[in-house]
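# Overview (structure and organization)
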Amino acid sequence: MAFDRERLPDPTAYFQGQGLRLIGCGEWRTTACVFHDGSDSMRVNTRTGAFVCMAGCGAKGGDVVAYQMAVHGQGFVEAARQLGAWVDDGDPRPVRPRGFSPRDALGCIEEELNVCVIVISDARQGLLPSDDDWRRFLSAASRIGFIAGGAA
């Protein structure tokens, strides 16, 4: 079992797949920061996958694995597996993500909506979400938007 950096997805495709709109044409692009809901305050590197929030929320990382870990609350191995960069069987062929069936999409939307409902329900009762809960809420909303965008 090992991490294979060559299997990581293209950073541009990855960030766009996370629902981010990349602005600009250089190696470093501007996008919204999902960690603090900052509009156009994060910069991402389209070659390496590095990211950094310029508004000072402290979000930063060196590649798409670090972003996957931060946004989805995953450990390194789980994030690498999710991205197809963790080799379990020694097979040198790249692992490509399988298609998203309508059933899988609805299941994912159901899980993400549950997260949103809990955070919104707590907020209506005057309970502010923790930073981790807020990041998870933003991630859930992003996933729902990404799935809905693919269905259009």
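Residues numbered from 1 in each chain as written. Predicted model: local features only at pLDDT ≥ 70, side-chain atom pairs only at ≥ 80, totals over all residues. Heavy atoms only, no water.

### Topic: the sheet that holds strand β3 (residues 38-45)
Sheet strands pair via backbone hydrogen bonds, and the direction of the pair is either parallel or antiparallel. Keep this limit in mind: Any two strands are treated as partners once DSSP identifies two or more bridges connecting them. Only DSSP runs of H or I with at least four residues qualify as helices, and only runs of E with at least two residues qualify as strands; both kinds are numbered from the N terminus onward.
Pairing is antiparallel in the open sheet, where 4 strands are placed in the order β2-β3-β4-β5. What marks the edges here is a single partner per strand, and that holds for β2 (28-33) and β5 (60-61). Sheet topology note: the β3/strand β4 (residues 51-53) ladder contains 3 bridges and is antiparallel. Opposite Met-42, over in β4, you have Cys-53 as the bridge partner.

### Section: unusual backbone geometry
Keep this limit in mind: The buried label applies to any residue whose accessible area, calculated with a 1.4 Å probe on protein chains only, is under 20% of its type's maximum; exposed applies above 50%, and partly exposed to all values in between.
One non-glycine residue, Asp-37, lies in the positive phi region at around 60 degrees. For Asp-37, the location among the structural elements is in the loop between β2 and β3. Overall, the relative accessible area of 53% leaves Asp-37 in the exposed class. Positive phi is not limited to glycine here, since Asp-40 has a value of about 55 degrees. Along the chain, Asp-40 turns up in strand β3. A relative accessible area of 44% places Asp-40 in the partly exposed class.

### As for the nonpolar core
A general tendency of soluble globular proteins is for nonpolar side chains to be buried together. Defined as follows: In plain words, nonpolar cores are sets of buried Ala, Val, Leu, Ile, Met, Phe, Trp, Tyr and Cys residues tied together by side-chain atoms within 4.5 Å. Contact definition: two residues touch when any of their heavy atoms are within 4.5 Å.
Core analysis: the largest hydrophobic core is formed by 20 residues, its most contacted members being Phe-15, Phe-35, Met-42 and Tyr-67. Elements represented by at least two residues in this core include exactly α1 (11-17), β3, β4 and α2 (64-72). A total of 4 residues in this core trace back to one element, the largest contributor, which is α2. Excluding anything up to four places from it in sequence, Phe-15 contacts Leu-20, Leu-22, Val-44, Asn-45, Gly-49, Val-64 and Tyr-67. Core analysis: the next-biggest nonpolar cluster, separate from the first, contains 7 residues, Val-115, Val-119, Phe-137 and Ile-144 among them.

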